[in-house]
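Each chain, letter by letter, is given below.
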Amino acid sequence: MKNIKVNTKKIIIIILVIPVIIISQYYLFKLGILSPQIKGVEITAVKGKYIKDIDKYVVKLNESVVFSAGDYVKFPSYSKDPVIDFKSLDENNKVKIEDNSENAKNTVKITGKKEGLASIAIVKNNKIIKKFNILVVNPKITNLNTEISGKLKYVGDSATIKNCVEVDFDRFDEEYKVNYKSSNEDVLKIKDNKIYAIGVGKATIIANLDSKEESFDYNIVAKLKSISTNKNIELEIGETKNVQANVVTSPKGLKTPKIKYAFAESKLPVQRKISLDANGKIVGLRKGKEKLLISCGTGKNKVQKYVYVTVKESTIENKMVDEFYLNYYFIEEDLILNLKWKEMYGVEGYKIYLKDNNLENSDYNLIKTIDKDDITKKDANINEIIKLESKKYEKFNYDIYVVGYNRQQNSLKSKVYKVENDL
């Protein structure tokens, strides 16, 4: 048997080098000088609004989702965690990638910047380990269906707003907040998706979301409770009066629709005892009676009452010449009186009386009688000129008034006007 020579020196060197290699390798991995192998990288969306499809994640434009590389396995296990990057393989920059490791290990925040499909890679040492796709979408409103349930007709009514929003990508199952506005908040007020009728008038409810808009027009009226009028009216031929009507609302004090005044009975115009206008003004035409219907509102929201009018023969003895006024001036040396008063119905003429206060025990004297056919009118009033032989530079003091007359009666006198020149 041959003797085998053993190189003891080489054996000793190997024995010494192996631990050094092992220890060196340990620290090289531990300190991250050498990069370990990794396995089990799993892409997971951990935070944000997204939809997971078989081959992609769907995110909304301008919204962010946090993605994780998962709890992958590294070999050797004691190695320092390798640097793993998320990189977009899309040249159009449809997404923005931001490091999120301060909040969670091995995570990034990805924000959709443009609509379309983007490819994302997980990279280690410039080597692609895993790829996944992100689809950026911008759901658009295709239809806005707004429903207002409840009647809005009278002050005090209320209604609820409901809406259905249709989008071209509805898989996010998201609630869309529709904006509501009243064109007149003194009429319709909106609070917590409910509309309250608080005043009388017209208002429009507008619902809008993005570019979609719907509008609903309302005319809110007061709920009428009752109407009160002067039930019986008496007037003379030629006299003018107004029907006094007042409508009570619920709640009280609201603006009401226009009150309507109409004849309750059908007659020929020549048979009418009065004339009646749209504002309730009546004028006595001839002796007799009329029945009027005073109403407000329409349909079920209507109140009405009858008024009876009696027209009597005209008398003037308890009436006075009204709106009497005069001014005076001189023409050369003569005193000119310019008299005006309101025309009185039922008279055949007027008498003008004057008293000279500079004469002792003086009384009123009739200075002029004006027959109806000789009356001069100006601006719908009687206008009369009287010349007195009083001098501009002499002292005078007169009182003057007017009465109306017909064959049976004289009216009450007008107010007394004083004309004087106190030198």
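The rules we used
- Residues numbered from 1 in each chain as written.
- Predicted model: local features only at pLDDT ≥ 70, side-chain atom pairs only at ≥ 80, totals over all residues.
- Heavy atoms only, no water.
- Phe/Tyr/Trp six-rings, centres within 6.5 Å; stacked < 30°, edge-to-face > 60°.
- Buried < 20%, exposed > 50% of the residue type's maximum accessible area, 1.4 Å probe, protein only.
- Lys NZ or Arg CZ within 6 Å of the ring centre and 35° of its normal.
- 1 Å grid on protein atoms, 1.4 Å probe; cavity = no way out; pocket = protein on both sides within 12 Å on 5 of 7 lines; lining within 4 Å.
- Points joined across faces, edges and corners; volume = space filled by probe spheres on them.
- Core = buried A, V, L, I, M, F, W, Y, C linked by side-chain atoms within 4.5 Å.
- Helix = DSSP H or I, 4+ residues; strand = E, 2+ residues; numbered from the N terminus.
- Contact = heavy atoms within 4.5 Å.
- Polar contact = N/O pair within 3.5 Å; in protein donor to acceptor, adjacent residues only side chain to side chain.
- Pairing = 2+ DSSP bridges.

Trainee: I keep staring at the packing of aromatic side chains and nothing clicks. Help me out?
Mentor: Each aromatic ring pair is characterised by the separation of its centres together with the angle its planes make. For the coordinates displayed, the defined rule picks out 15 aromatic pairs. Ring centres 5.7 Å apart and planes at 50° place the aromatic pair Phe169 and Phe172 in the tilted group. Across the pair, exposure class does not vary: Phe169 and Phe172 are buried alike. The rings of Tyr50, Tyr57, Phe67, Phe86 and Phe132 are connected pair by pair, giving a single aromatic cluster. Positioned over the ring face of Tyr57 is Lys52, at 5.0 Å from the centre of the ring. In this structure, Lys413 packs its charged tip against the face of Tyr401, placed 5.0 Å from the ring centre.

Trainee: What exactly am I supposed to notice about the layout of surface pockets here?
Mentor: In this approach a probe as big as a water molecule rolls over the atoms, and the regions it shows empty are the leftover space. For the largest pocket, the calculated volume is near 340 Å³. What lines the largest pocket is Gly238, Glu239, Thr240, Lys319, Met320, Asp322, Lys342, Glu343, Met344 and Tyr345. What the second largest pocket holds in volume is close to 280 Å³. Lining the second largest pocket we find 16 residues, and of these Asn163, Val165, Glu174, Glu175 and Tyr176 sit closest to its centre.

Trainee: Would you mind going over the nonpolar core with me for this structure?
Mentor: Nonpolar side chains in soluble globular proteins tend to be buried together. Counting 23 residues, the largest nonpolar core has Leu337, Leu339, Trp341, Tyr350, Ile352, Ile400 and Val402 as the members making the most contacts within it. Of all the secondary-structure elements, those providing two or more residues to this core are β29 (334-341), β30 (349-356), β33 (381-388) and β34 (396-405). The contacts of Ile400, once residues within four sequence positions are left out, are Phe324, Leu326, Leu337, Leu339, Ile352, Tyr353, Leu354, Tyr364, Ile367, Lys415, Val416 and Tyr417.

Trainee: Would you take a moment to explain the side chain of Asn338 for this structure?
Mentor: Along the polypeptide, Asn338 turns up in strand β29. Here the side chain of Asn338 touches Asn383 through a polar contact of 3.2 Å, side chain to side chain. Apart from residues lying up to four places away in sequence, Asn338 is in contact with Tyr325, Leu326, Asn327, Tyr329, Asn383, Glu384 and Ile385.

Trainee: Got a minute to help me understand the pairing of strand β5 (residues 64-68) in this structure?
Mentor: Within a regular beta strand, the side chains point alternately toward one face of the sheet and then the other, so they alternate between its two faces. Extensive coverage of β5 is indicated by the burial of 4 of its 5 residues. Of the pairings in the sheet, the one linking strand β2 (residues 44-48) to β5 comprises 4 bridges and is antiparallel in character. Bridge assignment links Gly48 to a residue of β5, and that residue is Val65. Summarising the sheet, β5 and strand β9 (residues 107-112) pair through 5 bridges and their orientation is antiparallel. Residue Ser68 lies in a different strand from β9, and its bridge partner there is Thr107.

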